[in-house]
Every structure is written in C-alpha cells, then in structure tokens.
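Close look at the chain arrangement
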Amino acid sequence: MKWKKRIVFLFCMALIILFIIIYVFPNVTGALKQTEIIEYGSLQVTNQVTAFFVRSEKVHFADKPGTIHYYVQEGEQVRKGVKILDISLGINDDKESGYQRIMERISRFNSGDSIFSDDIKRIRTQLMKLEEERNIALNEGEAAYAAKLEEQIQRLNQKKDYIQATDKTAKEEISRQNKSINAMGIGPENYISDFNGIVSYYIDGYESEFTPENVSLLSKKKVQNMSLEDVQNLARDTTLTQEPLYKVVDNKNWYVVFWVPKEDIVKYEKGKTVAINLPLGQVEGKVHDIKDDNEEWLVILEFNRYYEEFAQIRKIDVEVVTSDYTGLTIRNESIASKDGQPGVYVKAKSGEYFFKPVKIITNDGEWSLVEVSYFYTDDGATKVDTVNIYDEILKQPN
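Source: prediction; values computed, not measured.

Criteria and thresholds
Residues numbered from 1 in each chain as written. Predicted model: local features only at pLDDT ≥ 70, side-chain atom pairs only at ≥ 80, totals over all residues. Heavy atoms only, no water. Helix = DSSP H or I, 4+ residues; strand = E, 2+ residues; numbered from the N terminus. Buried < 20%, exposed > 50% of the residue type's maximum accessible area, 1.4 Å probe, protein only. Contact = heavy atoms within 4.5 Å. Areas by Shrake-Rupley, 256 points an atom, 1.4 Å probe, with all protein chains shown as cover. Pairing = 2+ DSSP bridges. Core = buried A, V, L, I, M, F, W, Y, C linked by side-chain atoms within 4.5 Å. Polar contact = N/O pair within 3.5 Å; in protein donor to acceptor, adjacent residues only side chain to side chain. Salt bridge = Lys/Arg side-chain N within 4 Å of Asp/Glu carboxyl O.

1. Notes on the overall build of the chain
- Summing up its helical and strand segments, the chain has six helices and 24 strands in all.
- Within the chain, the fraction of its 398 residues that count as buried is 43%.
- Here the contacts in the chain between residues at least 6 apart in sequence split such that 75% fall between residues at least 24 apart.
- Here the chain has roughly 22000 Å² of accessible surface; of this, 49% comes from carbon and sulfur atoms.

Listed below in structure tokens is the structure:
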C-alpha cells in the first residue's frame, strides 16, 4: 500500500510541477521584464551657446560739467522729443574721468577704426545686400525703413573708406567727415531723445561695432578674445565734459548672434521661430540668417519683443530652444528596429509582446517624440497603425 501511495504522491507532484511550467512560469518571467506606459509629454531641442547682443543704439555725451538731474529711468521707453536729463553747472573739469577706457574705445571706433579692418570683401558684400534691401523698401513705399537702411549704408561706407585710407592725413579727414553722420558724435545738445526707443545707462564702447549693418561681418575669431563683459553703469550724480551719459536703443528690432558646430546647424532654418532662455524669462524670435564661418556656423536671431535687460547685455551664456513639441514620448532605449523599421514591443492582454512600428518626429538624445495612432509612409501611399497613449511597452527590448 505504501508504494501505491508513493506513486499517487509522485503523480500529483508531477502534475503540480507541470502546471507551474505551463501556466505560472511564463507569467513570472514576463513580470520580470521591465515595461512602461506611453504618455503625453513635452520635448525640447536645445543648444547651450555663448551669445552676443546686437542693437542699433546711440550714445550721448556731456557738453559741460555739472550735476545730473534724471527724468527717465533705466529701461524706460521714450518717444522722440522726450527730455532724458539736465546738467546744472557747479563742478570743474579738474579731475580724471572714471570712464577713460571706454571713452578711448568709443573715440577710436567713432573715428573710423573697426574690428572688421581685414574684411573689406565681406563689407562690400554686406553693402550690396543693404543697398538691395533699401531699393526694395523704396519700391514698396516703405520710406522709413529705407531711410534706416540708408543710414546703415552710410556708416558702413565710412568704415570701409577709413580702412582703405592709405595715410594718416586721409584717415583724419575721414574721421572729421564721420562726425556728421556717426551716431556716437559728441556735441552740444538738450539731452532730448531724437528717436523712439529705450533709454539705458549701460555702455561698453562697442555700440558702433555690434550694429545691424555689421552683424553679418562678425566672426568668432574676432569676438572671443574681446572684453565684452566690460559693461559700465553710467548713472551717477555728476559728470565731466565729454563723458558718456546715456544711450537710446531702437527696440523695434534687435539681434542675438552665436556660433554652433556643423553637426548642430540642422536644428536651424532661416525664418524658423526659436526662443532663448534668459535670466528674466524666455524671449521668442526667428532665425534671421545663417552664415558659414570657417569650421562653424554663425546664427543670427532677430527679435522684436521687449526684454527688460536687452539694452544692458552684450555677452551671455544662454539656452536656445530650436524646437518645442508636445506629444507621445518614448525613451530611446525602448525603440528597437525590425527590417530597418523603428518600433517598440507592445504588451498584449495575453502577456505576449508584439512589434509595432513608430514614426519619430524628433529626439533630444534621451527621448523621442512619435506620431500617435497612425502615420503614413514617406511616399504617402500606405497608412501604418502605430502606438497610442497608455500602451504598455518593453523598456529595453535589446
């Protein structure tokens, strides 16, 4: 009897083991596979860059010593004809200016010297471009814009003439002529704004170089070793003669430029909307132009929106957002490939996994944004079913 009981016991054990092998073990091993649920999310494509601000701005200087009385605050927008400040007599010009370094820099550039002294060919190309834009503006009846371009053309021609002058006498004559047009000229005035813009008391002496007409001439080699963090706040109680007082900045259009390596230029397209993340918030603009600059690309962004400190900054490290999407996001490690088609393994109700193709819209190196529900093949002939929100997918299929 004992041996019969032992046979029955062994038979029952065999059935139990067989049941575990057939029904339990597959579910256990499936449970060990890591999965995640597809959900909606956001995906940004960004660049970390060192950027340079370019503006159209006019610096004004004191024509006498005295005590300053301010009527306009930093960053305040003014119309043409608004009085910025007054100077009342009461001190003598018997001490050295604290702005000597910046004044010497302004005087040098104001006379015609330039950081673009070896770029005559590029200056000529830029002049042709500005002249073409001016002619188009005139033909379309945009007189104000044409006048603005004409002013830029005159300033750039002055730089070209000064650079090409062969002797000191010729350069001095060009410098005298420049003072009638150059926006940095020193002369008696009533300290009244001569155009609509933003008032700022921060200058660095490069106001005549980092301008819209010069923006395409900038090169990384030139600017990377310049002291562009040397920005001074001019707000003070008293002034000496010919010291800088304030500047008025055109806030209708301003620019930010930076350089990116060749592998990143695919993120940028002329006319495309982009944004930059600045200390006080994000500002949206567009890609104005892209220029080849030896081993890298110069990207020029144009803005027409107000940013509180735009008139103060010359050089800053920023994050540029070239794309900002919302949709189904999947980790790149979850995406496999089958016969050259990217896809993911979706878990069915039975616990089995089956391959489902996906179409990737963009990725940031860690996550991919994919089409939802369906997509069409590149030739547009075939509709392909794809993933949906809340699908459970295998996290690491490979």
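There is more to say, and it comes next.
2. Topic: the pairing of strand β7 (residues 197–200)
- Pairing geometry for strand β5 (residues 77–78) and β7, over two bridges, is antiparallel. In the sheet register, Val78 faces β7, and the bridge partner there is Gly197.
- Relative to strand β11 (residues 244–249), β7 runs antiparallel, the two being bridged by three bridges. Looking at β11, one finds that Val199 is bridged to Val248.

3. Quick word on the environment of Pro357
- Relative to the assigned elements, Pro357 resides in strand β19 (residues 353–357).
- Owing to a relative accessible area of 17%, Pro357 belongs among the buried residues under this scheme.
- Pro357 sits 27 residues away from Val384 along the chain, and the two C-alpha atoms are 7.8 Å apart.
- When near neighbours in sequence (up to four residues on either side) are disregarded, Pro357 contacts Gln341, Pro342, Gly343, Phe375, Val384, Asp385, Thr386 and Val387.

4. Description of the sheet that holds β5
- Taking strand neighbours across the sheet as the criterion, the four strands line up as β3-β11-β7-β5 in an open arrangement whose pairing is antiparallel. Each end of this open sheet is capped by a strand with a single partner; those strands are β3 (57–61) and β5.
- Pairing between β3 and β11: five bridges, direction antiparallel. The residue of β11 that forms the bridge with Lys58 is Val248.

5. Regarding unusual backbone geometry
- Unlike most non-glycine residues, Tyr191 shows phi in positive territory, near 55 degrees.
- Within the secondary structure, Tyr191 is located in the loop between α5 (168–178) and β7.
- When its relative accessible area of 3% is taken as the criterion, Tyr191 is described as buried.

6. Looking at the nonpolar core
- Ranked by size, the top nonpolar core spans 26 residues in total, and within it Phe258 and Leu301 carry the most contacts.
- Mapped by element, the contributors of at least two residues to this core are β2 (39–54), β12 (254–261), β13 (273–278), β14 (281–293), β15 (296–303) and β16 (315–331).
- Of all hydrophobic cores here, the second largest spans 21 residues; its members include Val59, Leu85, Met103 and Tyr201.

7. Overview of the pairing of strand β21 (residues 367–370)
- Where β16 and β21 come together, four bridges link them in antiparallel fashion. Considered in β21, the bridge of Ile330 is made with Ser368.
- One ladder, built from three bridges, connects strand β20 (residues 360–363) with β21; its direction is antiparallel. Bridging from a neighbouring strand, Ile360 pairs with Val370 of β21.
- Joining the antiparallel neighbours β20 and β21 is a turn of three residues, in which Gly365 adopts a positive phi near 100 degrees.

8. Focus on the environment of Ser323
- Relative to the helices and strands, Ser323 resides in strand β16.
- With 277 residues separating them along the chain, Ser323 and Thr46 place their C-alpha atoms 7.2 Å apart.
- If sequence neighbours within four positions are ignored, Ser323 has contacts with Leu43, Gln44, Val45 and Lys272.
- Separated by 3.4 Å, the side chains of Ser323 and Lys272 make a polar contact.

9. Notes on the pattern of salt bridges
- Considering all chains together, one arrives at 16 salt bridges under this definition.
- For Lys129, the salt bridge goes to Asp289, with nearest N and O atoms at 3.1 Å. A residue pair is termed long-range when its members are at least 10 positions apart, and Lys129 in helix α3 (residues 120–139) and Asp289 in strand β14 qualify at 160 residues.
- Three or more residues joined by partner-sharing salt bridges are found here, namely Arg55, Glu57, Asp204, Glu207, Lys247 and Arg314.

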